[in-house]
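Structural overview for review
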Amino acid sequence: LSFAFYLNGRKQKHPQIIAYARIGVVLVFIVSLFIFIDFFIGAGIDIEQLLYPPHEQIDIFLIGRMSPITAINFLMTSCALYLLMIFPKGRHRVRSLASFLAFLVVLVGLVIILGYLYGTPLLYGGKIIPVALTTAIAFVLLGVGIDASTGELYFPVSSFIGSSVRSRLMRVFVPVTIFIILINGWLNILIRPLLGSYVMAASLAAIISVILVS
């Protein structure tokens, strides 16, 4: 997917190479769809056994199986990338859909990263296989790249581009807000047991927040 995204972004595009890139994106979609269906329906497709031997199991998790969350992200990423590859810039609704799918991929990746940061698997439960941290980071980077490549006319990039008051506030306060939330959670989880007081941890978080906003 990354290589197809790179080829699609080049100024000089060879038609045959782009055709192979599209085929690769479609194959990613098909494989991920089979894995997703097999996980929830239990159809016995198990397409992953074509690549390596039967899976081993540790506790309730199968080793060597893709997480259904990863499969969903692959499905959305491949759809978004394929839409960008086959439709020109004039198709606003299609490119808006591609940008929105990439935005969802980024959100899912960020939620997974937050789960690792706080030691809480937010999207998991029961026998759902966890997503690797490096996989989540890769999805965030790829999703941001696809969003940026759709152009400044489409959400969420349109909210950050321009000289309007809204765009300036978004560029400044979205990172600040995220940073404040991360610091607040970090203080509550790690620093509060050391301080022994919730009031002290909350006061420290408030002071840091005021400094950041100022």
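Residues numbered from 1 in each chain as written. Predicted model: local features only at pLDDT ≥ 70, side-chain atom pairs only at ≥ 80, totals over all residues. Heavy atoms only, no water.

Details of the environment of A19
The following threshold applies: What counts as a helix is a DSSP run of H or I of at least four residues, what counts as a strand is a run of E of at least two, and both are numbered from the N terminus. Three labels apply to residues, based on accessible area from a 1.4 Å probe with only protein chains included: buried if under 20% of the type maximum, exposed if over 50%, partly exposed otherwise in between.
Note that A19 resides in helix α2 (residues 15-41). Relative accessible area serves as the criterion here: at 36%, A19 is assigned to the partly exposed category.

As for the nonpolar core
To keep things clear, this is the line we draw: The nonpolar core is taken to be a set of buried Ala, Val, Leu, Ile, Met, Phe, Trp, Tyr and Cys residues, with the residues joined through side-chain atoms within 4.5 Å. Residue contacts follow a heavy-atom distance rule, with two residues in contact if any of their heavy atoms lie within 4.5 Å.
Counting residues in each nonpolar core, the largest one holds 19 residues, and the members touching the most others are L81, M85 and I146. Those elements that place two or more of their residues in this core are α1 (2-9), α2, α3 (68-86), α4 (92-118) and α5 (133-150). With six residues, the single largest contributor to this core is α3. If near-sequence neighbours (up to four positions away) are discounted, M85 is found in contact with A4, N8, I18, A21, R22 and V25.

Things to note about α5
Selection criterion: Here the expected span of a helix is defined as 1.5 Å times the quantity of residues minus one.
Helix length check: α5, at 18 residues, gives a terminal C-alpha distance of 26 Å against a target of 26 Å (1.5 Å per residue), a fit within 8%. Taken together, the buried positions of α5 are occupied by A136, F139, V140, L142, G143, G145, I146, D147 and T150. In the core, the buried residues of α5 are packed alongside α1, α3 and α4. Within two residues after α5, G151 carries a phi angle of roughly 110°, on the positive side.

Structural notes on the packing of aromatic side chains
Stated precisely, the cut-off is as follows: Here a Phe, Tyr or Trp ring, Trp counted by its six-membered ring, pairs with any other such ring whose centre lies within 6.5 Å, and the pair is stacked when the planes are under 30 degrees apart, edge-to-face when over 60, and tilted otherwise.
Scanning the entire structure with this criterion turns up two aromatic pairs. Here F3 and Y6 contribute two aromatic rings whose centre-to-centre distance is 6.3 Å and whose plane-to-plane angle is 25°, an arrangement assigned as stacked. Taken together, the positions of F3 and Y6, both in helix α1 and three residues apart, correspond to about one turn of that helix. Taking the centre distance of 5.0 Å and the plane angle of 70° together, the rings of F74 and F139 count as edge-to-face. Of this pair, F74 sits in helix α3 while F139 sits in helix α5, and the two are 65 residues apart along the sequence. Relative accessible area serves as the criterion here: at 23%, F74 is assigned to the partly exposed category. With a relative accessible area of 4%, F139 lands in the buried category.

Distances and angles like these do not, on their own, reveal function.
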